[in-house]
Amino acid sequence: MRAPVGPISARLAGGPLWQLLGLLFITLALLDQGTARELWKPNQALFVGVILELNSKHLEPVEVFKSVPYAAAPIGSYRFAPPRKLIPWTGTKLADTFSPVCPQNYPDVANRSAALMSMPKGRYQYLKKVIPLLVNQSEDCLTLNIYVPGSGE
C-alpha cells in the first residue's frame, strides 16, 4: 500500500556524493521529528516519495524515494569519464519508480543441469530470483534509492 508524501530536498549537483549522504542523515533526523524541510536553496532538487506500509504490527512505515539521481548519465562520450553534475530542473519530481540497473552480465541459468555444473545450488537459486530484476538495464543508472524509517506519520 503506497500513499504520496510531502517533498524532500536533496542537494544533488555541485558537490561530491558525501554531501548527498550528509543531507540524507540530516533529513532522516528531521523526518524523525515529523517534519521535512528545504535544507539548501542553491542547487537543490525537490522530490516526492511514497509511504510504504510494512506488513507487520512491529514495523513502522517507511518513506521511500526511488531513483534519486546524484550525477548526470554517463552515456555516449562520457561513458568512461568521471561523473558530471546534473542539469538543474524546476519543479518537483515524483520518486516512486525504480530506475534501470547498471549494465551487467550474469551466468546463463536457462539449462538447470548445465548451470549446476558450474555453480553451487544456492547461487543458482539466487540467480533464478534475481535475473528477472536485471532485465531493464541502462548506462543511465547513477541513482540512489533512499529508505527513511519511521516517517509514516
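This structure is a prediction, so every number in the text was calculated from the model and none was measured.

Visitor: Residues and numbers for the overall build of the chain, please.
Guide: From N to C terminus, the chain includes 3 helices and 5 strands. Reading the secondary structure of the chain in the N-to-C direction produces β-α-β-β-β-α-α-β. Looking at the chain residue by residue over its 153 residues, the buried ones come to 33%. Within the chain, contacts between residues separated by at least 24 positions form 71% of all contacts whose residues are at least 6 apart in sequence. Accessible area of the chain: about 10100 Å², with a carbon and sulfur share of 58%.

Visitor: I'd like a description of the packing of aromatic side chains, backed by residues and values.
Guide: Counted by the stated rule, this structure contains 0 aromatic pairs. For arginine 84, the ring lying beneath its charged end belongs to tyrosine 78, and the centroid distance is 3.6 Å.

Visitor: Explain the pairing of strand β3 (residues 62–69) to me, using residue names and the numbers behind them.
Guide: Among the 8 residues that make up β3, 8 are buried, leaving the element largely enclosed by the rest of the structure. Pairing analysis gives 6 bridges linking β3 to strand β5 (residues 143–149), with the strands arranged antiparallel. Across the sheet, valine 62 pairs through a bridge with proline 149, a residue of β5.

Visitor: Outline helix α3 (residues 121–130), supporting the account with residue identities and numerical values.
Guide: Within an α-helix, residues lying three or four positions from one another point in the same direction, as the helix has 3.6 residues per turn. All of the buried residues in α3 are Tyr124, Leu127 and Val130. Buried residues of α3, seen end-on, are gathered within an arc of 135 degrees and therefore sit on one face of the element. Buried residues along α3 sit against α2 (112–118).

Visitor: A description of the confidence of the model for the chain should follow, citing residues and the corresponding values.
Guide: Per-residue confidence for the chain averages 74 on the pLDDT scale, and 69% of its residues sit at or above 70. Ranking the helices and strands of the chain by mean pLDDT puts α3 first, with 95, and strand β1 (residues 2–11) last, with 44.

Visitor: If you had to explain the side chain of serine 67 to someone new, which residues and values would you point to?
Guide: Considering the arrangement of structural elements, one finds serine 67 in strand β3. Judged by relative accessible area, which is 16%, serine 67 ranks as buried. A distance of 2.5 Å separates a polar side-chain atom of serine 67 from the backbone nitrogen of serine 99. What serine 67 contacts, discounting residues up to four positions off in sequence, is Thr97, Phe98, Ser99, Thr143, Leu144 and Asn145.

Visitor: Before we move on, could you go through a nonpolar patch on the surface and cite the residues and values that matter?
Guide: Nonpolar side chains collect at one region of the surface, where Leu52, Leu54 and Leu59 lie side by side and expose about 230 Å² of accessible area between them. Looking at the secondary structure, you find leucine 52 in strand β2 (residues 44–52). In this structure leucine 52 comes out as partly exposed when scored by relative accessible area, which is 32%.

Visitor: Describe the pattern of salt bridges, and please don't skip the residues or the numbers.
Guide: Taken as a whole and judged by the stated rule, the model has 1 salt bridge. Arginine 79 serves as the salt-bridge partner of glutamate 139, at 2.9 Å between the closest nitrogen and oxygen. Taken together, the residues glutamate 139 in the loop between α3 and β5 and arginine 79 in the loop between β3 and β4 (92–94) connect sequence positions 60 residues apart. With relative accessibility at 47%, the residue arginine 79 sits in the partly exposed group.

About the thresholds
In this convention, every chain numbers its residues from 1, walking through the sequence in written order. It should be noted that, the model being predicted, local features are given only for residues of pLDDT at least 70 and side-chain atom pairs only at 80 or more, the latter also being counted only at that level, while totals for whole chains, interfaces and linings use all residues. Heavy atoms from the whole structure form the basis of all side-chain values; hydrogens and water molecules are not counted. Here a helix means four or more residues in a row that DSSP labels H or I, a strand means two or more in a row labelled E, and each is numbered from the N terminus. Relative accessibility thresholds used throughout: buried, under 20% of the residue-type maximum; exposed, over 50%; partly exposed, between the two (1.4 Å probe, protein chains only). Residue contacts are counted whenever heavy atoms from the two residues lie within 4.5 Å of one another. For accessible areas, the Shrake-Rupley method is used with a probe of radius 1.4 Å. Any residue's cover is judged against the shown protein chains and nothing else. Planes of paired rings set the category: under 30 degrees apart is stacked, over 60 is edge-to-face and the rest tilted, where pairs are Phe, Tyr or Trp rings (Trp by its six-membered ring) whose centres lie within 6.5 Å. Sitting over a ring, as applied to charges here, requires NZ of Lys or CZ of Arg to be within 6 Å of the ring centre and within 35 degrees of the ring normal. Pairing between strands is defined by DSSP: at least two bridges between the two strands are required. It is the directions from the helix axis to the C-beta atoms that the arc portrays. The quantity called pLDDT is the predictor's confidence in a given residue, expressed from 0 to 100. Here a polar contact is recorded for every N or O atom pair within 3.5 Å, except that within protein the pair must consist of a potential hydrogen donor and a potential acceptor, and residues adjacent in sequence are included only if both atoms are side-chain atoms. Patches here: salt-bridge-free residues with over 30% relative accessible area, like charges joined within 9 Å, nonpolar side chains (Val, Leu, Ile, Met, Phe, Trp, Tyr) joined within 5 Å. Definition used for salt bridges: Asp or Glu carboxyl oxygen within 4 Å of a side-chain nitrogen of Lys or Arg.

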